[in-house]
Amino acid sequence: MLVEVMVDYDAVSERAAELVAQQIRKKPDSVIGFATGSTPLGLYKRLVAMHRDAGLDFSKMTTFNLDEYIGLLPRHDQSYNRFMWEHLFEHINVSPERVFIPNGMADDIDGFCAWYEEQIERVGGIDLQILGIGANGHLAFNEPGSSLGSRTRIKTLTAETVVVNARFFSNLNEVPRFAITMGIGTIMEARRLLLLASGESKAMAIQTTLEGPVTAMAPSTIVQMHRHAHVIIDERAASRLKNKHHHGISEPKPE
Ligand code: GLP
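Each value, and the rule that gives it
Residues numbered from 1 in each chain as written. Predicted model: local features only at pLDDT ≥ 70, side-chain atom pairs only at ≥ 80, totals over all residues. Heavy atoms only, no water. Helix = DSSP H or I, 4+ residues; strand = E, 2+ residues; numbered from the N terminus. Rg over C-alpha atoms; globule rule 2.2 N^0.38 Å. Contact = heavy atoms within 4.5 Å. Lys, Arg positive; Asp, Glu negative; His and termini not counted. Charge placed at Lys NZ, Arg CZ, Asp CG, Glu CD. Core = buried A, V, L, I, M, F, W, Y, C linked by side-chain atoms within 4.5 Å. Buried < 20%, exposed > 50% of the residue type's maximum accessible area, 1.4 Å probe, protein only. Pairing = 2+ DSSP bridges. Axes fitted to C-alpha atoms, helices over the stretch in contact; angles between N-to-C directions.

Engineer: Can you tell me about the overall build of the chain, naming the residues and giving the values?
Structural biologist: Scanning the chain from terminus to terminus reveals seven helices and ten strands. Taken against the 2.2 N^0.38 rule, which gives 18 Å for 255 residues, the C-alpha radius of gyration of the chain at 17 Å falls within 12% of a compact globule. Dimensions along the principal axes, computed over C-alpha positions, put the chain at roughly 55 × 40 × 35 Å. Counting contacts in the chain only where the partners sit at least 6 residues apart, residues at least 24 apart contribute 78% of the total. Positive and negative side-chain charges in the chain, numbering 26 and 31 respectively, have mean positions lying 3 Å apart.

Engineer: Now, about the nonpolar core: what can you tell me, with residues and values included?
Structural biologist: Here is a general trend for soluble globular proteins: nonpolar side chains tend to be buried in one another's company. Residues Phe34, Leu43, Tyr44, Leu47, Leu88, Phe89 and Ile233 are the most contacted members of the largest nonpolar core, which totals 68 residues. Here the element with the most residues in this core is helix α1 (residues 9–26); it accounts for eight residues. With residues up to four places along the chain from it excluded, the contact list for Tyr44 reads Phe34, Ala35, Phe83, Met84, His87 and Leu88. The next biggest cluster of nonpolar side chains, apart from the first, holds ten residues, and it includes Leu72, Ala166, Phe169 and Ala179.

Engineer: Describe the sheet that holds strand β6 (residues 128–131), listing the residues and the values that go with them.
Structural biologist: Taking strand neighbours across the sheet as the criterion, the seven strands line up as β1-β10-β9-β6-β2-β3-β5 in an open arrangement whose pairing is parallel. Edge positions in the sheet fall to β1 (2–6) and β5 (99–100), since each has one partner strand and no second. Looking at chain direction, strand β2 (residues 31–34) and strand β3 (residues 62–65) are connected through four bridges and run parallel. Across the sheet, residue Gly33 finds its bridge partner in β3, namely Phe64. Those strands touched by α1 are β1, β2, β6, β9 (192–197) and β10 (229–234), and its axis lies near 155 degrees from that of β10.

Engineer: Give a detailed account of helix α7 (residues 203–211), specifying residues and quantitative values.
Structural biologist: Among the residues of α7, Ala203, Ala205, Ile206, Gln207, Thr209 and Leu210 are the ones counted as buried. Turning to α7, the residues buried within the fold contact β1, β9 and β10.

Structural data, given as structure tokens:
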């Protein structure tokens, strides 16, 4: 694991944008896994600016989103589909036929989930998966207790996640209780992981993720088992880490 502690949220976003842009430049037909939530917003803003001002070309990229609420139409203002188009896809030259986002309105959810996994396989797997983290250690919507070998499937959200997400809805009853989410096993097959976190509210989850034992009760701890996990966090999110091993780790290594 490469852990980089940046001074603040802007620096986290800047560093993440640099890495995603590097990946796209090196391999224009990269398969990128995208995440929702407030954390990657700064990254998406920068990718939009890199496209607009420096011509960063996304036309050959394929994308897979991590998750989507069950029961929200793609155009619902809180659907993850709408989130991705509004904050990123509408503003870059991505090819719509190469954008994959779970369909929370699918009639046959199990069939859809199997198809989604097949699509990831068909394009040769995900090159770089962007991840946020829930305060309870969830990755995508893999809540505590999720199998560490799980695949794309329907999950019930915990009461805690429903309450945290209620800030985006007009009342608690409107928050969906279920979601389709890539599994932990699906996420772990991505060739590189880029986990972002910022702020005090993520400090406990980050301490558990990086220093706790690997456990399904905090699914994010599985990143310890990934060969190429890159964790970029700000000082607040890092404030509860006991081990300061990450200090100086981002210094350039000898050639
Ligand atoms: C949701 C998403 C996760 C995201 C998490 C944290 O639960 N399903 O993918 O990581 O929110 O969101 P935020 O970045 O807003 O804290």
